[in-house]
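What the coordinates show
As a plain string of letters, each chain reads:
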Amino acid sequence: MTSASPPAAPETAVIIVAAGRGLRAGGGLPKQWRDLAGRPVLAHTLAAFRHAPGISRLILVHHPDDRPHAAALTQPEDLLVEGGESRAASVKNALEALASTHVSRVLIHDGARPLVGCDLIARMLAALDGAVAAAPALALTDALWRGAGGRVADTVARDGLWRAQTPQAFHFTPILAAHRAYPGGAADDVEVARAAGLDVTIVEGEEDNLKLTVAADFARAEAILRGRGMEFRSGNGFDVHAFGPGDHVWLCGVKIPHTQGLVGHSDADVGMHALTDALYGALAQGDIGRHFPPSDPQWKGAASHIFLAHAIGLARGRGFRLANCDVTLICEHPKIGPHAAEMQRELSRIMEVDMDRVSVKATTSERLGFTGREEGIAALATALLVPA
Ligand code: MG
């Protein structure tokens with residue numbers, strides 16, 4: 001009996017077609033190598049597929065002159081293939097390069113569509129379970145006209161019309177055979193597939209999956225990417241300090257005469273501590289005690305603005321700014337109302353933000369609990385950080 005190794009599992013590959021010289025977008029470089037939000041268009045496109053479940057092989061079809069660029073963007077396991085005279089010739093080169101592999105399904109994608117989403121990739125792969133070929137598209141919603149000499153000559157019925165996108169998805173053997181048989185000049189792989197008699201299923205595309213063609217497309221793509229990177233962080237803080245001997249309290253950076261003082265390791269500014277912890281919380285950076293340990297004598301009696309300035313600095317360092325914050329002081333005395341505006345001013349000065357982003361308000365606890373018995377002051381704070 002001879003032992004044979006088990007047959008290799010069928011693989012799914014993606015062919016990214018980027019061999020064109022498209023200069024219509026401006027910038028002097030073929031569009032797929034131009035910068036989009038800090039990296040080449042193709043880096044976005046490759047990343048979309050590199051992290052997509054179900055795809056095990058990545059083929060980049062490039063112009064012979066672009067070999068160094070292509071090599072810089074790809075990984076050793078990726079396949080680099082030189083493009084041909086036309087798009088169809090480029091795709092055929094890539095298919096031929098896969099002919100002796102275990103690839104059984106293939107997605108074919110325009111390199112200049114960098115915003116393709118993981119949901120669309122998953123829909124295309126799923127479509128191949130029930131179809132030999134599938135292509136994403138969006139139904140036309142705008143009216144269609146035929147124009148002549150700058151005037152509307154006719155209205156064209158848009159029923160049944162679709163805007164074609166990629167990635168187009170195929171079972172490998174039939175699409176390879178279709179390309180080998182095609183005489184040339186196809187606009188896309190659907191045309192090649194249909195010429196070979198393959199049925200192509202339409203799958204719902206994505207509005208954001210635009211093909212970068214002219215300069216305005218880059219601006220739109222950057223706006224979409226910015227929106228995707230829009231991260232908001234919120235945090236809350238709570239603090240309590242007990243009353244003790246003294247003749248003033250510090251609250252939100254303001255010194256207020258009082259019949260008692262607040263006991264604490266630092267200046268015991270309970271409001272500023274709650275706000276500082278809200279900022280650390282938004283950043284998942286612990287609390288004041290983590291950054292300024294009470295066991296460290298250098299922070300004994302420290303002014304709390306040091307803590308607040310540190311927390312807001314940490315937020316800035318991570319690319320955030322304060323959208324707003326809201327501090328609530330809970331006590332019977334001293335009365336906060338007369339000092340609230342000064343507290344807002346002081347907090348906004350320390351954090352270097354406009355006063356209208358800083359709220360300070362107060363409540364009593366209706367004489368209930370430790371604040372009601374005037375044993376101490378409690379403070380709550382909320383902060384929202386947004387991209388700077
Ligand atoms: Mg405290």
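Since the model is a prediction, treat every value here as computed from it, not as a measurement.

1. So, the overall build of the chain
- Counting its secondary structure elements, the chain contains 12 helices and 19 strands.
- Relative to the compact-globule value of 21 Å for 388 residues, the chain shows a C-alpha radius of gyration of 32 Å, a clear excess of over 25%.
- The buried share of the chain, reckoned over its 388 residues, is 45%.
- Residue pairs in contact within the chain that sit at least 24 positions apart in sequence constitute 69% of those at least 6 positions apart.
- Counting only carbon and sulfur atoms, one obtains 53% of the accessible surface of the chain, whose full area is about 19200 Å².

2. Notes on the coordination of the magnesium ion
- Those donors, D239 (OD), H241 (NE2) and H273 (ND1), are the protein atoms that reach the magnesium ion, and they lie 2.1 to 2.3 Å from it.
- One chain supplies every donor to the magnesium ion, and in sequence these donors are spaced D-x1-H-x31-H.
- In this structure D239 comes out as buried when scored by relative accessible area, which is 15%.

3. Structural notes on the pattern of salt bridges
- With the rule as written, the count across this model stands at 15 salt bridges.
- Salt-bridge contacts for D326 lead to K361; the nearest nitrogen and oxygen are separated by 2.8 Å. Separated by 35 residues along the polypeptide, D326 in strand β17 (residues 320–330) and K361 in strand β18 (residues 358–363) bring together distant segments of the chain.
- What makes K361 partly exposed here is its relative accessible area of 39%.

4. Here's the deal with the packing of helix α3 (residues 87–97) against helix α5 (residues 172–181)
- Where α3 meets α5, the axes come as close as 10 Å, and the angle between the chain directions of the two elements is 135°. Judged on the interaxial angle alone, α5 and α3 are oblique. Judged by the twist between their axes, the crossing of α3 over α5 is left-handed. Taken together, the residues of α5 that come into contact with α3 (itself represented by A88, V91, K92, L95 and E96) are F172, I175, L176, H179 and R180.
- Grouping the amino acids of the contact of α3 with α5 by side-chain chemistry returns 6 nonpolar, 1 polar and 3 charged.

5. Focus on the domain arrangement of the chain
- The domain architecture assigned to the chain consists of domain 1 (12–228) and domain 2 (233–387).
- Averaged C-alpha coordinates put domain 1 and domain 2 at centres separated by 54 Å.

6. Digging into the pairing of strand β5 (residues 79–82)
- The sheet contact formed by strand β4 (residues 57–62) and β5 spans 4 bridges and is parallel. Directly across from H62, in β5, lies its bridge partner E82.
- In terms of handedness, the path from β4 via helix α2 (residues 67–73) over to β5 forms a crossover that is right-handed.

7. Focus: helix α7 (residues 215–228)
- The end-to-end C-alpha distance of α7, which contains 14 residues, comes to 21 Å, matching closely the 20 Å that a straight helix rising 1.5 Å per residue would cover.
- For α7, every residue scored as buried is listed here: D217, F218, A221 and I224. One side of α7 carries all its buried residues, which in axial view fall inside an arc of 125°. Relative to its buried face, α7 has exposed residues pointing more than 90 degrees away, namely A216, A219 and R226.
- Where α7 is buried, its residues touch β2 (35–36) and α1 (41–50).

8. Observations regarding α1
- Extensive coverage of α1 is indicated by the burial of 8 of its 10 residues.
- Along α1, the residues that are buried comprise V41, L42, A43, H44, T45, L46, A48 and F49.

9. Side note on the packing of helix α8 (residues 270–282) against helix α11 (residues 340–351)
- It is at 12 Å that the axes of α8 and α11 come closest, and there the two elements cross at 40°. Our classification of the angle between α8 and α11 gives oblique. α11 is crossed by α8, and the crossing has right-handed handedness. In contact with M272, L275 and L279 of α8, α11 contributes L347, I350 and M351.
- Partitioned by chemical class, the residues of the contact of α8 with α11 number 6 nonpolar, no polar and no charged.

10. Section: the environment of L125
- Its place among the elements puts L125 in helix α4 (residues 118–127).
- Among the residues examined, L125 registers a relative accessible area of 15% and is labelled buried.
- Ignoring anything within four residues of it in the chain, the contact list for L125 reads T12, P53, G54, I55, R105 and L107.

11. Quick look at the side chain of H241
- With respect to the element layout, H241 can be found in strand β13 (residues 233–244).
- Looking at H241, its side chain comes within polar contact range of the main-chain oxygen of V263, at 2.8 Å.
- A polar contact of 3.3 Å, which involves the side chain of H241, links it to the side chain of H273.
- Residues in contact with H241, not counting those within four places in the same chain, are L262, V263, G264, A268, V270, H273, G376 and I377.

12. As for a nonpolar patch on the surface
- Taken together, the side chains of F238, V240, F370 and L380 present a nonpolar region at the surface, about 330 Å² in accessible area.
- Mapped onto the fold, V240 is located in strand β13.

13. Looking at the environment of E375
- If you trace the backbone, E375 turns up in the loop between α12 (369–372) and β19 (376–387).
- A C-alpha to C-alpha distance of 8.5 Å links E375 and G244, two positions 131 residues apart in sequence.
- Apart from the residues within four sequence positions on either side, E375 is in contact with A242, F243 and F370.

14. Describing the state of the cysteines
- In total, this model carries 0 disulfides according to the counting rule given.
- With no disulfide partner, C325 has as its closest neighbouring cysteine sulfur the one in C252, 8.9 Å distant.
- Classification of C325 as buried rests on a relative accessible area of 2%.
- Left without a disulfide partner, C331 is nearest to the cysteine sulfur of C252, which lies 10 Å away.

Rules behind the numbers
- Residues numbered from 1 in each chain as written.
- Predicted model: local features only at pLDDT ≥ 70, side-chain atom pairs only at ≥ 80, totals over all residues.
- Heavy atoms only, no water.
- Helix = DSSP H or I, 4+ residues; strand = E, 2+ residues; numbered from the N terminus.
- Rg over C-alpha atoms; globule rule 2.2 N^0.38 Å.
- Buried < 20%, exposed > 50% of the residue type's maximum accessible area, 1.4 Å probe, protein only.
- Contact = heavy atoms within 4.5 Å.
- Areas by Shrake-Rupley, 256 points an atom, 1.4 Å probe, with all protein chains shown as cover.
- Donors = N, O, S within 2.8 Å, 3.2 Å for Na, K, Ca; no water.
- Salt bridge = Lys/Arg side-chain N within 4 Å of Asp/Glu carboxyl O.
- Axes fitted to C-alpha atoms, helices over the stretch in contact; angles between N-to-C directions.
- Parallel < 35°, antiparallel > 145°, perpendicular 65-115°, else oblique.
- Left-handed = near helix turned anticlockwise from the far one by under 90°.
- Nonpolar A, V, L, I, M, F, W, Y, C, P; charged D, E, K, R; others polar.
- Domains from an automatic or database assignment.
- Pairing = 2+ DSSP bridges.
- Right-handed = clockwise from strand over helix to strand, strands pointing away.
- Expected span 1.5 Å × (residues − 1).
- Arc of directions from axis to C-beta.
- Polar contact = N/O pair within 3.5 Å; in protein donor to acceptor, adjacent residues only side chain to side chain.
- Patch = residues over 30% accessible without salt bridge, like charges linked within 9 Å, V, L, I, M, F, W, Y side chains within 5 Å.
- Disulfide = S-S within 2.5 Å.

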